[in-house]
Amino acid sequence: MAQQHTKSLRPRLRYRFDHLVAGGTAALIGWLALACLAVVIPASTVLVWADRGAPATLSGRLTAVWVSVGQTLKIGGAVGSPVYVLASVTLALVALLFVSTLVSLITTGINRRIMALRRGHSTVVEAGHTVVLGWSDQVFPVIGELVAANANQRRSAIAVLAPMDKVEMEDEISTSVARTGTTRIICRSGRTTDPTVLARVSPQTAKAVLVLPPAGETGDAHVVKTLLALDAAVPGPGDAVVVAAVRDTRNHLTARLAAGPGGHVLCVDDIIARLLVQTARQPGLSLVYQELLDFAGDEFYTAAAGGLAGRTFGEALLAFTTSSVVGLLRGDGGVVLNPDPGTAIAAGDRIVLISEDDDTAVPLDAAAFVEEDAIVTARPRTPLPERLLLLGWNRRAPLVLEQLDQFVSPGTTLDVVALGGETTLHTSPEAAAVRGRLEVSFHGGDITDPRVLAKLDVPSYDSVIVMAEPAPGTEAATATATATATATNTDTDTDTDTGTDDRTLVTLLHLRAIGEASQRELSLTTEMSDDGNRLLAPAREGADFIVSGRLISLLMTQISESRYLADVFEELFRAEGNELHLKPASDYVRTGREVSFATLVESARRRGECAVGYRLRARAATGPDFGVRLNPDKRERVRFGEHDWLIVLAES
């Protein structure tokens, strides 16, 4: 019974207290004053009566109690005439009121300031910093690469603005980006589509602004609105490099108009489709781009022409021993990749090259290391028709077909296996378009079903492309199967479908089993959305993966650091112009003997190409480089075999 009484007493007391607090400020002050007096007066009485030196008379002790209460409550406790005591208490109460009010105001102001800082509403006072607008999975590789790019700077800053809690953003960044070095990460909370909110990250004084596409169907529209808000926040041409990304090709032109003439807008679908096709035709190319795009290895830089002014581009190819020359940055800002070797270098030009860092691009002639007797003339090679297999279908698949038709030899066949099958051919104008070189056949089937894959004779194909296909039954899968996403202008974002990578992993698991059973190495190129899933992929070491989120993040970061790189990558990714190739090293030098890399550069120069590296087949399955060596020292000696490759920049 006593226990039940205790349990029932607690709720009643809690209820009484809640009712007291709900009564308002006046009632709360009154009750607190009564409670204080109920404690102070008895305690003061006990102290006076317990004091051996206390007055002997009752009036004297009562006076002592009054003095003790006054000193405890800070109301003076003065002794004298009633008027004097009343005036003293009044002054003490007034002083207490004013001091309490002042303390309250100071406390409120400090708390308000702390809450404003916690909410991320204060203005960033920086100059030469990088601004990142928006929040998605791409923000982590973007910040990681910016930190790597700023590693050689004493002081740098990255300001992130997104509609998220500031503390939450800081926690996620600190978890995903382990080390920030000398770079400070500043987070601000707010809508990126509001010009007044954009002022919090000071875009007018930034060196670069990156606009990330958020996940969801309205992601591209959000990027366009952010670019318009940025234009309103920073009217007129600014010095900052503006880099944005949209997913759908239909929104690319709109975003470019919003970004203005000085902005750079990447189209995720278009770039991923181009890289899938290029890598499918040249296994290992994804590793080369990975090395070029991240700041951990060698990247594109420019160097002053200096003593090369008036000389030819062909002479410049061997003028840098520890850097690989690939083009010219003209005085008017135009970029020319792999120009004719006889092209003259003007005094205002800069040399575009691949180097470990900007301070390693030092002229040092390597012509003395060329071995003439090792250079050979390439054997003529006749392009042959190929058999290609495309597993899966999504919004980017029509772009892949379009790119393949530009690259492959006439008579090449492509078998497409997807959930839609023949329905895709009949309902998608892009899929059913007449092609000049590529013959396309559509087949219905679930690419995660081992019975479907077993019927295809996968090892007989020259190359296999696995695309991220939505799971059956989802809204995105329905749109993909009927191929009406383009025809009806319905934007279905496969990047946000978490099931796409899961299905891709299952497909790769079955393909690995097929390859092991046939004892053949399948030429696979795989599209994925999440770089974390790539680490789980059941594929051979060094396999080709095109991870859309990470790749676009790396591209945006590179362009934000050097705006001319937008033109460089634009030419590298399109079918026309120059692109990176992996060609047999036996077409350039004699195999079976050691030769200097300068010899390969000279051999490539005579064919109108720029040699930038090589890949050794014997190390193709061994990390971390998987046989890829980009920008080797031209004095370095290498022994090539019949199946090794030279990485060159050459005409498509």
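A quick note: this is a predicted structure, and the numbers were derived from the prediction, not measured. (Residues numbered from 1 in each chain as written. Predicted model: local features only at pLDDT ≥ 70, side-chain atom pairs only at ≥ 80, totals over all residues. Heavy atoms only, no water.)

A. Molecular detail of the nonpolar core. Counting 122 residues, the largest nonpolar core has W135, V160, F300, F569, L572, L580 and F640 as the members making the most contacts within it. When residues in this core are grouped by element, the largest group, 8 residues, is from helix α10 (residues 268-281). Counting 27 residues, the second largest nonpolar core, distinct from the first, contains V201, L227, L230 and A255. (Core = buried A, V, L, I, M, F, W, Y, C linked by side-chain atoms within 4.5 Å. Buried < 20%, exposed > 50% of the residue type's maximum accessible area, 1.4 Å probe, protein only. Helix = DSSP H or I, 4+ residues; strand = E, 2+ residues; numbered from the N terminus.)

B. Structural context of the packing of helix α5 (residues 139-149) against helix α20 (residues 548-561). Where α5 contacts α20, the axes come no closer than 9 Å and their chain directions differ by 40°. The two elements α5 and α20 meet at a crossing, and its hand is right-handed. Residues P141, V142, E145, L146 and A149 of α5 touch α20, and the partners they reach there are R550, S553, L554, T557, S560 and E561. (Axes fitted to C-alpha atoms, helices over the stretch in contact; angles between N-to-C directions. Left-handed = near helix turned anticlockwise from the far one by under 90°. Contact = heavy atoms within 4.5 Å.)

C. The arrangement of the packing of aromatic side chains in detail. Under the criterion given, the structure shown has 7 aromatic pairs. Measuring from centroid to centroid gives 6.2 Å for F597 and Y614, while their planes differ by 50°, and the two rings are tilted. A residue pair is termed long-range when its members are at least 10 positions apart, and F597 in helix α22 (residues 597-605) and Y614 in strand β19 (residues 610-615) qualify at 17 residues. Clustering of aromatic rings is evident, with ring pairs tying together Y289, F300, F569 and F573. R607 extends its terminal NZ or CZ atom over the ring of Y588, reaching a point 4.2 Å from the ring centre. (Phe/Tyr/Trp six-rings, centres within 6.5 Å; stacked < 30°, edge-to-face > 60°. Lys NZ or Arg CZ within 6 Å of the ring centre and 35° of its normal.)

D. Representation of unusual backbone geometry in the model. Positioned with a positive phi, N338 is a non-glycine residue whose angle comes to about 45°. Along the chain, N338 turns up in the loop between β9 (335-337) and β10 (350-355). The class of N338 is buried, set by a relative accessible area of 9%. The phi dihedral of D457 is positive, around 55°, even though this residue is not glycine. In this structure, D457 sits in the loop between α16 (450-454) and β14 (463-466). Under the relative-accessibility criterion, D457 is labelled partly exposed at 47%.

E. Structural context of the packing of helix α11 (residues 285-293) against α20. α20 packs onto α11 with a crossing angle of 40° between their chain directions and a minimal axis gap of 10 Å. Classed by the angle they form, the pair α11 and α20 counts as oblique. α20 is crossed by α11, and the crossing has left-handed handedness. Contacts between α11 and α20 involve Q290, L292 and L293 from the first element and R550, L551, L554, L555 and Q558 from the second. Along the lines of polarity and charge, the residues of the contact of α11 with α20 split into 5 nonpolar, 2 polar and 1 charged. (Parallel < 35°, antiparallel > 145°, perpendicular 65-115°, else oblique. Nonpolar A, V, L, I, M, F, W, Y, C, P; charged D, E, K, R; others polar.)

F. How the structure looks around the environment of E521. Checked against the element boundaries, E521 lands in the loop between α18 (499-518) and β15 (524-528). Linking E521 and R540, residues 19 residues apart in sequence, is a C-alpha distance of 8.9 Å.

G. Fine view of the side chain of D501. Along the chain, D501 falls in helix α18. Here D501 sits buried without a salt bridge, and the closest side chain of opposite charge, R396, lies 8.1 Å off (N-O distance). Sequence-distant contacts of D501, defined by excluding residues within four places in its chain, comprise M528, S529, D530 and N533. (Lys, Arg positive; Asp, Glu negative; His and termini not counted. Salt bridge = Lys/Arg side-chain N within 4 Å of Asp/Glu carboxyl O.)

H. Broad picture of the pattern of salt bridges. With the rule as written, the count across this model stands at 28 salt bridges. K166 is paired through a salt bridge with E170; the nearest N and O atoms lie 2.6 Å apart. Highlighted residues: K166 and E170, both in helix α6 (residues 166-176), separated by 4 residues, approximately one helical turn. By relative accessible area, K166 is classed as buried at 13%. The partly exposed category is assigned to E170, whose relative accessible area is 28%.

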